[in-house]
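# Working through the structure, step by step
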Amino acid sequence: MSASPPSSSGPSTSRSQEFWFDDGSIILQVEMTQFRVHRAIICANSVVFRDMHELSEPGDRETANGCPVVVLHGDIAVDWNNLLWYMYFPARASKRAEHLAFPLVVSLLRLGKKYQFSDIWALALHTVRVQVPVNELESWDFVLDDDIPFHSDDTHIPGYWLADHEIDLLNIAVEHDIKTILPIAYYLCTHRYSLVRVLVEKHRILSGTGSKVDGALSTVHPDALKTLLVGRQKLQSAYSITRSP
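So, how was this worked out
Residues numbered from 1 in each chain as written. Predicted model: local features only at pLDDT ≥ 70, side-chain atom pairs only at ≥ 80, totals over all residues. Heavy atoms only, no water. Axes fitted to C-alpha atoms, helices over the stretch in contact; angles between N-to-C directions. Helix = DSSP H or I, 4+ residues; strand = E, 2+ residues; numbered from the N terminus. Parallel < 35°, antiparallel > 145°, perpendicular 65-115°, else oblique. Contact = heavy atoms within 4.5 Å. Nonpolar A, V, L, I, M, F, W, Y, C, P; charged D, E, K, R; others polar. Phe/Tyr/Trp six-rings, centres within 6.5 Å; stacked < 30°, edge-to-face > 60°. Core = buried A, V, L, I, M, F, W, Y, C linked by side-chain atoms within 4.5 Å. Buried < 20%, exposed > 50% of the residue type's maximum accessible area, 1.4 Å probe, protein only. Left-handed = near helix turned anticlockwise from the far one by under 90°. Pairing = 2+ DSSP bridges.

The protein chain has the name BTB domain-containing protein in an unreviewed UniProt entry, where Psilocybe cf. subviscida is given as its organism.

Here's what the structure looks like:
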């Protein structure tokens, strides 16, 4: 993080259409998007922001619209848009915690861990564990049956919640050390994706509201790739043996 960003008047930066409040007290710049939000709300949820010296102490730093501008390096704008959406409009984000959209949960996990939004991170982790049951294997029959359409209107089916985000599920399991869901995450990736898809192709992730996000692409986490490929080969070998006369 840095409190000395490029000038906010530069042509390459733009204001967030959803999160630019006239009475906001801090501007967060993520990539080239700026969010003018309320310091009190951010600090109430995050230990990291609460302890940031540059947010509380006056000094010789660049400001915009009377607010300190903090550049958040290494983050992506869609994650912050999702996080702010949940913090400012939790009722709109979901009426029930277990029905938070998968892309929203990924953003909450990623930023919740990095900036210690502890309660938000815990809620997102709980959502994953509810939506990816590891002790109810029969609930995955629908997802793994190729004769049944994958997408469904039944939101209680795990496949509906994932909606073609199996690689993202594997990534968050690795990044957040959620060991209990690793086996099913590996198997889903093996079951759903070709070798080309795993090694070469990338897919565009969704925002928490379901809209496409330009430039946001996901690939298999490097720490998971070897295990995924070895497991895939072993499953194919075992399947070939059972199919042989």
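Still more to cover.
What follows is about the packing of helix α4 (residues 77–88) against helix α6 (residues 102–114). Two numbers describe how α4 lies on α6: the axes approach to 8 Å, and their chain directions differ by 95°. The orientation of α4 with respect to α6, classified from their angle, is roughly perpendicular. Side by side, α4 and α6 meet where V78, D79, W80, N82, L83 and Y86 of the first sit next to P103, L104, S107, L108, R110 and L111 of the second. The residue inventory of the contact of α4 with α6, partitioned by class, reads 8 nonpolar, 2 polar and 2 charged.

The next thing to look at is the packing of aromatic side chains. On inspection of all chains with the given rule, the structure shows 12 aromatic pairs. Members of the aromatic cluster, each reached through a chain of ring pairs, are F19, F21, W85, Y88 and F89.

Attention shifts here to the nonpolar core. Among the nonpolar cores identified, the biggest contains 57 residues, and V37, F49, W80 and L169 are the most heavily contacted of them. Looking at which element gives the most residues to this core, the answer is α4, with 8 residues. W20, I27, A64 and C67 belong to the second-largest nonpolar core, a separate cluster that totals 5 residues.

Our focus in this paragraph is the packing of helix α10 (residues 166–175) against helix α11 (residues 182–192). Orientation of α10 relative to α11, taken along the N-to-C sense of each, is 150°, at an axis distance of 9 Å. One finds that α10 runs roughly antiparallel with respect to α11. For the pair α10 and α11, the crossing hand works out as left-handed. On α11, the residues touching E166, I167, L169, L170, A173 and V174 of α10 are L182, A185, Y186, L188, C189 and R192.

Time to look at the sheet that holds strand β3 (residues 33–37). Picture the strands of a sheet paired through backbone hydrogen bonds; they go either parallel or antiparallel. Here we have 5 strands laid out as an open sheet, ordered β1-β3-β2-β5-β4, and mixed in their pairing. Each edge of the open sheet is held by one strand with a lone partner, namely β1 (14–20) and β4 (63–64). Bridging between strand β2 (residues 26–30) and β3 involves 5 bridges; their strand directions are antiparallel. When the sheet's bridge partners are listed, I26 is paired in β3 with V37.

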